[in-house]
Structure formats: structure tokens, C-alpha cells
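Each chain, written out:
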Amino acid sequence: MGAVKTDDVTPRTETVETGTGTARITWLDAPAPRLVLALGHGAGGGIEARDLKALGAALPAHGVSVALVEQPWRVAGKKLAPAPKTLDTGWRGLWPALAAAGPPVVAGGRSAGARVACRTAAELGARAVLALSFPLHPPGRPEKTRADELLGCGVDALVVQGGNDPFGKPAEFPPGDYRITEVPYGDHGFSVPKKSGLTEERAMEILTASVAGWLADLK
């Protein structure tokens, strides 16, 4: 697991038994939280992803506790993510631990984790959904759209998408009852090319400011 550090928040970890194995939550607690933002990782990485780390560092100062969630397959050290149904089962199993914190829970994640959050938000009573790098379609296969998962989430939603994401550029997203923010030049992991003139630090500032502003608007 990649270390998650901030200047002001000391992480704490919690293990949760689910129907698909042991999950792990790394909590970055706000002093007086009004929301919890639960963030799941993608199929090819863990909570060390740059966007998850940036949100974990930035949001507690805005009154949002961040819960970085590791699915059981990652905790067990496996290399490949299981089927979507299994991911959803794991997420459902750890939800009570997220809700037990007290404030309303915003379900979120990056890539595959964003899909999980969308598919389960309404049934679990999530306040809203944050979809980071939502994989609208497999690269080069726009006909294999997953738009129905986003459009059907049933709650307020924000998509943060890289301008050059091969899994779906912002302009490819269909109209719907959600917000979308573009990180210019960003790829699926929000990496930006040096020739763009945009630094990774600035890219993460765009991302965190957009998310913080959106969360502030949630009533």
C-alpha cells in the first residue's frame, strides 16, 4: 500500500470484513466533518493514485473526512481485480463502517471504483457520487459505452475527467443530470505531458478545487 501523508492529518486505518474478504479503510479525518467522502481505487492500482492522495490531503481542511478504501482483492495482494459484481459486493460490505462515522457519505472512486460508486449509490443511500476518470468506454471502443451506470446513479454526481483520457474525453460524455470538470491534457491517471505547460501540481489543484467547491454546494 502506498503511504498517504498530509501535513495536518494523521491517517488511521480500519479493517472491515466483507462478503468477499477483508477490506481496509485509511481515514483522513476532518476536525469537525460535515461529510465523509469514500474513495475506491481503480482496477490497476490502489489508494496511492495521485488524485486520491491529493483529495485526501486537501479536503479535511474543508470539513470533509476522506476514507480511502482498499477492496479485498488489493488487501489480499492479488494483481487482478475481480468481476464488477464482486467489487460491488465488497463495497456494500464496507459501507456500514463508512456510515458509522456519522456524517452523510459521498460515494466515490477512480475508474473501476467510480463505476462501483455509481452502480450502488442509490441503494446504499449515498449523498452523492464523485466519479474520477470514469471509464466511459474501453479505449478505442466508444460503442461499448457505460454511460448508463453514470446516468442511472440516482444522486447528485460530479465527474472529473482528463482532457486526453482514452477511456472517454469530456466531450464524449452524454448530457445528463451531473456536473463534469475537465483536467486539461490529463490522461486516465491525470498525468499531464510536459509540453502542455501544465504541471502535475496545477492539475491536482484544478481537481481538488473543483471537488471541494462541489462538495461545499451539497446541502
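Residues numbered from 1 in each chain as written. Predicted model: local features only at pLDDT ≥ 70, side-chain atom pairs only at ≥ 80, totals over all residues. Heavy atoms only, no water.

Asker: When you look at the pairing of strand β2 (residues 21-28) in this model, what are you seeing that I'm missing?
Answerer: Alignment of strand β1 (residues 12-18) against β2, held across seven bridges, turns out to be antiparallel. Bridge pairing links glutamate 17 to threonine 22 in β2. Between the antiparallel neighbours β1 and β2 lie two residues. Here β2 pairs with strand β4 (residues 64-70) via five bridges, running antiparallel. When the sheet's bridge partners are listed, isoleucine 25 is paired in β4 with valine 69. (Pairing = 2+ DSSP bridges. Helix = DSSP H or I, 4+ residues; strand = E, 2+ residues; numbered from the N terminus.)

Asker: Honestly, the pattern of salt bridges in this entry has me stumped. Any pointers?
Answerer: Applying the stated criterion to the full structure yields 13 salt bridges. Between arginine 24 and glutamate 70 there is a salt bridge, with the nearest N and O atoms lying 2.8 Å from each other. Of this pair, arginine 24 sits in strand β2 while glutamate 70 sits in strand β4; the two residues are 46 residues apart in sequence, bridging distant segments of the chain. For arginine 119, the salt bridge goes to aspartate 88, with nearest N and O atoms at 2.8 Å. One end of the pair, arginine 119, is in helix α4 (residues 112-124); the other, aspartate 88, is in helix α3 (residues 84-99), and 31 residues separate them in sequence. Look at arginine 119 and you get partly exposed, because its relative accessible area is 23%. With a relative accessible area of 7%, aspartate 88 lands in the buried category. (Salt bridge = Lys/Arg side-chain N within 4 Å of Asp/Glu carboxyl O. Buried < 20%, exposed > 50% of the residue type's maximum accessible area, 1.4 Å probe, protein only.)

Asker: What am I meant to see in the packing of aromatic side chains here?
Answerer: Here a ring pair, both rings aromatic, is described through the centre-centre distance and the interplanar angle of the planes. Applying the stated criterion to the full structure yields two aromatic pairs. With a centroid separation of 6.3 Å and 50 degrees between ring planes, the pair formed by tryptophan 91 and tryptophan 95 is classed as tilted. With tryptophan 91 and tryptophan 95 both in helix α3 and four residues apart, the pair spans about one turn of that helix. A residue is classified by how much of its surface remains accessible, and tryptophan 91, at 2% relative accessible area, is buried. (Phe/Tyr/Trp six-rings, centres within 6.5 Å; stacked < 30°, edge-to-face > 60°.)

Asker: In this structure, what is going on with the side chain of histidine 137? I would like to understand it.
Answerer: Checked against the element boundaries, histidine 137 lands in the loop between β6 (128-132) and α5 (147-151). Its relative accessible area of 4% is what places histidine 137 among the buried residues. There is a polar contact of 2.7 Å between the side chain of histidine 137 and the side chain of glutamate 172. Dropping the residues within four chain positions of it, histidine 137 is found in contact with Pro142, Lys144, Thr145, Arg146, Pro166, Phe167, Gly168 and Glu172. (Polar contact = N/O pair within 3.5 Å; in protein donor to acceptor, adjacent residues only side chain to side chain. Contact = heavy atoms within 4.5 Å.)

Asker: Would you explain the sheet that holds strand β8 (residues 179-183) in this entry?
Answerer: Sheet strands line up and pair through hydrogen bonds in the backbone, either parallel or antiparallel. Spatially, the eight strands line up as an open sheet ordered β1-β2-β4-β3-β5-β6-β7-β8, and their pairing is mixed. In the strand order of this sheet, the two ends are held by β1 and β8, each with one partner. Across the sheet, the mean angle from the axis of one strand to that of its neighbour is 20 degrees, orientation sign disregarded. Packing of α4 onto the sheet brings it into contact with β3 (35-40), β5 (105-110) and β6, and relative to β5 it is tilted by some 145 degrees. (Axes fitted to C-alpha atoms, helices over the stretch in contact; angles between N-to-C directions.)

Asker: In this structure, what is going on with the environment of alanine 76? I would like to understand it.
Answerer: Along the chain, the position of alanine 76 falls in the loop between α2 (72-75) and α3. Measuring from C-alpha to C-alpha, the distance between alanine 76 and glycine 21 comes to 8.2 Å, with 55 residues separating the pair along the chain.

Asker: Just to check I follow, could you spell out the side chain of aspartate 165 for this structure?
Answerer: By the secondary structure assignment, aspartate 165 is in the loop between β7 (156-162) and β8. One buried charged side chain, aspartate 165, makes no salt bridge at all; its nearest oppositely charged neighbour is arginine 110, positioned 6.5 Å away. Of the polar contacts made by the side chain of aspartate 165, one reaches the backbone nitrogen of phenylalanine 167; its length is 2.8 Å. At a separation of 2.8 Å, a polar atom in the side chain of aspartate 165 contacts the side chain of histidine 188. (Lys, Arg positive; Asp, Glu negative; His and termini not counted.)

Asker: In this structure, what is going on with the state of the cysteines? I would like to understand it.
Answerer: In a disulfide, the sulfur atoms of two cysteines are held together by a covalent bond. The final tally for this structure, using the stated rule, is zero disulfides. The cysteine cysteine 118 is free of any disulfide, with cysteine 153 supplying the nearest cysteine sulfur at 5.1 Å. Cysteine 153 gets classed as buried once you look at its relative accessible area, which sits at 3%. (Disulfide = S-S within 2.5 Å.)

Asker: Can you help me understand the packing of helix α1 (residues 50-58) against helix α6 (residues 200-217) in this one?
Answerer: Two numbers describe how α1 lies on α6: the axes approach to 10 Å, and their chain directions differ by 60 degrees. Relative to α6, α1 is oriented oblique. With respect to the hand of their crossing, α1 and α6 are arranged in right-handed fashion. The segment α1 lies against α6, with Arg50, Asp51, Ala54, Leu55 and Ala58 engaging Glu200, Met204, Leu207, Thr208 and Val211. The class makeup of the residues in the contact of α1 with α6 is six nonpolar, one polar and three charged. (Parallel < 35°, antiparallel > 145°, perpendicular 65-115°, else oblique. Left-handed = near helix turned anticlockwise from the far one by under 90°. Nonpolar A, V, L, I, M, F, W, Y, C, P; charged D, E, K, R; others polar.)

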